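Geometric and topological summary
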Amino acid sequence: MQANVNGKILQLVQGDITRQEVDAIVNAANSGLRGGGGVDGAIHRAGGPEIMRQCRRLGGCPTGSACVTTAGRLRARFVIHAVGPVWHGGSSDEATLLGSAYRRSLEVADEKGITSIAFPSLSTGAYRYPPPAAAPIATSTVVDFIKGKTSINKVVFVLFNDSTYEAFCQALEQHLRQEDG
Ligand code: ADP
């Protein structure tokens with residue numbers, strides 16, 4: 001699915017984020033930037049050891065924030081390590097922190113003059129954030145950001161499985177419908 005937001009492209013695709021041809025790939029990182037399973041493991045495997053060397057130098061990144069490294073052997077120029085919250089049932093500020101992790105990633109990309117960026121679904125794997133709750137936050141944060149003045153002209157959400165892809169399509173359709181109405 002694809003939408004046009006103020007002349008900028010927002011795409012939802014199914015697939016592997018490490019294979020995207022974009023300026024920056026966002027990683028679903030932990031606050032220690034220590035690497036892990038899921039999308040984090042896939043990015044470090046595909047990008048090689050230089051990314052971890054730079055993560056160690058950074059030392060960590062707070063939950064709700066995002067830090068940047070180069071992208072090693074990946075096609076992208078940068079990896080933006082976004083730290084989403086662990087899901088504790090929804091009353092531990094998870095929604096605010098998730099929105100902030102997406103927004104900080106976009107701000108970091110904008111500071112670097114990046115034009116295209118790919119996101120995975122932050123926090124919905126090992127961190128257990130339910131995709132139907134995460135998707136509206138992810139899509140509305142991105143739509144609101146790219147409506148403004150930014151170097152970013154293309155955002156791709158790369159969703160790994162059917163149910164997450166469906167949740168993101170539904171959330172984006174609903175958000176765009178509300179804006180029209
Ligand atoms: P978190 O710890 O933030 O929950 P995970 O990496 O465990 O991060 O999961 C986040 C989402 O990324 C999940 O929906 C998972 O299925 C998905 N995912 C795992 N590997 C990849 C990949 N190579 N490309 C895109 N998405 C992926």
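If you're wondering where the values come from, they're calculated on a predicted model, not measured in any experiment.

Structural notes on the side chain of Gln 20
Its place among the elements puts Gln 20 in the loop between strand 2 (8-14) and strand 3 (24-28). Among the residues examined, Gln 20 registers a relative accessible area of 18% and is labelled buried. Sequence-distant contacts of Gln 20, that is, excluding residues within four places in its chain, are made with Val 13, Ile 25, Arg 75, Ala 118, Val 156 and Val 158.

Digging into the environment of Leu 159
Tracing the backbone shows Leu 159 in strand 7 (residues 154-159). Considering only alpha carbons, one finds Leu 159 and Gly 15, 144 residues apart in sequence, at a separation of 6.0 Å. The contacts of Leu 159, once residues within four sequence positions are left out, are Leu 12, Val 13, Gln 14, Gly 15, Ser 121, Thr 164, Tyr 165 and Phe 168.

Topic: the site of the ligand
In the neighbourhood of the ligand, 16 residues make up the surrounding shell, with Asp 16, Val 39, Ser 123, Gly 125 and Ala 126 lying closest. Between Val 39 and the ligand, the recorded distance is 2.8 Å, taken from a backbone N or O atom to an oxygen atom. Here the ligand, which alone exposes 560 Å², has 89% of that area covered by the protein. The greatest single-element share of the shell around the ligand, amounting to 3 residues, is contributed by helix 1 (residues 38-47). Broken down by class, the residue content of the shell around the ligand amounts to 8 nonpolar, 7 polar and 1 charged.

Side note on helix 3 (residues 94-111)
For helix 3, spanning 18 residues, the distance from its first C-alpha to its last is 26 Å, which sits close to the expected 26 Å at 1.5 Å a residue. Taken together, the buried positions of helix 3 are Glu 94, Leu 98, Gly 99, Ala 101, Tyr 102, Ser 105, Leu 106, Val 108 and Ala 109.

A word on the pairing of strand 1 (residues 2-5)
Alternating positions in strand 1 separate cleanly, Ala 3 and Val 5 being buried on one face and Gln 2 and Asn 4 remaining unburied on the opposite face. With 4 bridges connecting them, strand 1 and strand 2 associate as antiparallel partners. Residue pairing in the sheet places Gln 2 in a bridge with Gln 11 of strand 2. The turn joining strand 1 and strand 2, which pair antiparallel and follow one another in sequence, is formed by 2 residues; a positive phi near 55° is taken by Asn 6.

Criteria and thresholds
Residues numbered from 1 in each chain as written. Predicted model: local features only at pLDDT ≥ 70, side-chain atom pairs only at ≥ 80, totals over all residues. Heavy atoms only, no water. Helix = DSSP H or I, 4+ residues; strand = E, 2+ residues; numbered from the N terminus. Buried < 20%, exposed > 50% of the residue type's maximum accessible area, 1.4 Å probe, protein only. Contact = heavy atoms within 4.5 Å. Near = heavy atom within 4 Å. Polar contact = N/O pair within 3.5 Å; in protein donor to acceptor, adjacent residues only side chain to side chain. Areas by Shrake-Rupley, 256 points an atom, 1.4 Å probe, with all protein chains shown as cover. Nonpolar A, V, L, I, M, F, W, Y, C, P; charged D, E, K, R; others polar. Expected span 1.5 Å × (residues − 1). Pairing = 2+ DSSP bridges.

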